[in-house]
Amino acid sequence: MAARLGKDDRQKVLNLASEGHSDAEIARRYGCSRQTVARIRQCAVASDRTSKGRIIQARVTPQEADAFATMVDEAGTTTSDMLRRMIRLSAGVADFRADELEELGRTSRELNALARNLVQLLRLGHVGKLRWNARDAALVGRLSERTEEVARAVQALRAASMRGAFVRTELIGATLPEDSRRPNGVETDG
């Protein structure tokens, strides 16, 4: 019989899931079934259905009502679900749909792969297998660090959403410093 997972272990399961580990891999690590891991992930996603909540009423213009109805239709959800989601987001609760969480996980994995490739370029440059100058090496180094930083931010945002946690969302960063711009006029994006 598999051991019952405590609160700390359940949180670790969610963290591993947010990093892109498969349910089967996590289950092996914690000595539980794949279904247990799937249930933990499913329970962590805030439920969009409630029958015991408060009713909030608001008057809106016909144009606002039409715009909201269009938004609900495009999202493929109900009016109540959309209102709850908007309230959670305005309150600072990370709230993503399952498809958005999956996309965040995919993006995080791609960013990590990009960071690994940049580190490999740095290593090749340091042993003299690439022809570049010190400025190029410094730029690739900064790109690598920034990529890893953004990947960690995406992972943290995804994990917070899976927990239904309150988060402060801030701009992750826009560009590299001015000194990283290429001398030939080609600029790099951050």
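Keep in mind that what you see is a predicted model, and the values were worked out from it rather than measured. (Residues numbered from 1 in each chain as written. Predicted model: local features only at pLDDT ≥ 70, side-chain atom pairs only at ≥ 80, totals over all residues. Heavy atoms only, no water.)

Residues and numbers for the side chain of Arg 85, please.
With respect to the helices, strands and loops of the structure, Arg 85 is situated in helix H5 (residues 79-90). With residues up to four places along the chain from it excluded, the contact list for Arg 85 reads Asp 95, Phe 96, Arg 97 and Glu 100. (Helix = DSSP H or I, 4+ residues; strand = E, 2+ residues; numbered from the N terminus. Contact = heavy atoms within 4.5 Å.)

Any chance you could break down the nonpolar core for me, citing the residues and the numbers?
In terms of nonpolar packing, the biggest core is built from 12 residues, these being Leu 5, Val 13, Leu 14, Leu 16, Ala 17, Ile 26, Ala 27, Cys 32, Val 37, Ile 40, Leu 101 and Met 162. Among the elements that take part in this core, helix H1 (residues 7-18) stands out by supplying four residues, more than any other. Counting five residues, the second-largest nonpolar core is a separate cluster that includes Leu 104, Val 150, Ala 151 and Val 154. (Core = buried A, V, L, I, M, F, W, Y, C linked by side-chain atoms within 4.5 Å. Buried < 20%, exposed > 50% of the residue type's maximum accessible area, 1.4 Å probe, protein only.)

How would you summarise the confidence of the model for the protein chain if you had to cite specific residues and measurements?
Low pLDDT marks stretches whose predicted atomic positions should not be read closely. Across the protein chain, the average pLDDT comes to 76, with 79% of residues at 70 or higher. In the model of the protein chain, helix H3 (residues 34-44) stands out as the element of lowest mean pLDDT, 80, in contrast to helix H4 (residues 62-75), which has the highest, 90. Ignoring residues within four places in sequence, the model shows residues 171-190, a span with pLDDT below 50, making 26 contacts including any to other chains. (pLDDT = per-residue confidence, 0-100.)

I'd love a proper account of the pattern of salt bridges, names of residues and values included.
Applying the stated criterion across every chain, the model contains six salt bridges. For Arg 29, the salt bridge goes to Glu 25, with nearest N and O atoms at 4.0 Å. Within this pair, Arg 29 and its partner Glu 25 are both found in helix H2 (residues 23-30), separated by four residues, close to a single helical turn. The exposure class of Glu 25 is partly exposed, given its relative accessible area of 29%. Here Glu 110 ties to Arg 106 by a salt bridge, and the two come within 2.1 Å at their closest N and O atoms. Within this pair, Glu 110 and its partner Arg 106 are both found in helix H6 (residues 98-126), separated by four residues, close to a single helical turn. (Salt bridge = Lys/Arg side-chain N within 4 Å of Asp/Glu carboxyl O.)

Pulling in residues and values, what's your account of the packing of H6 against helix H7 (residues 134-163)?
Closest axis-to-axis distance for the H6/H7 pair is 8 Å, and the angle between their directions is 160°. Relative to H7, the element H6 is oriented roughly antiparallel. By crossing handedness, the relation of H6 to H7 is classed as left-handed. (Axes fitted to C-alpha atoms, helices over the stretch in contact; angles between N-to-C directions. Parallel < 35°, antiparallel > 145°, perpendicular 65-115°, else oblique. Left-handed = near helix turned anticlockwise from the far one by under 90°.)

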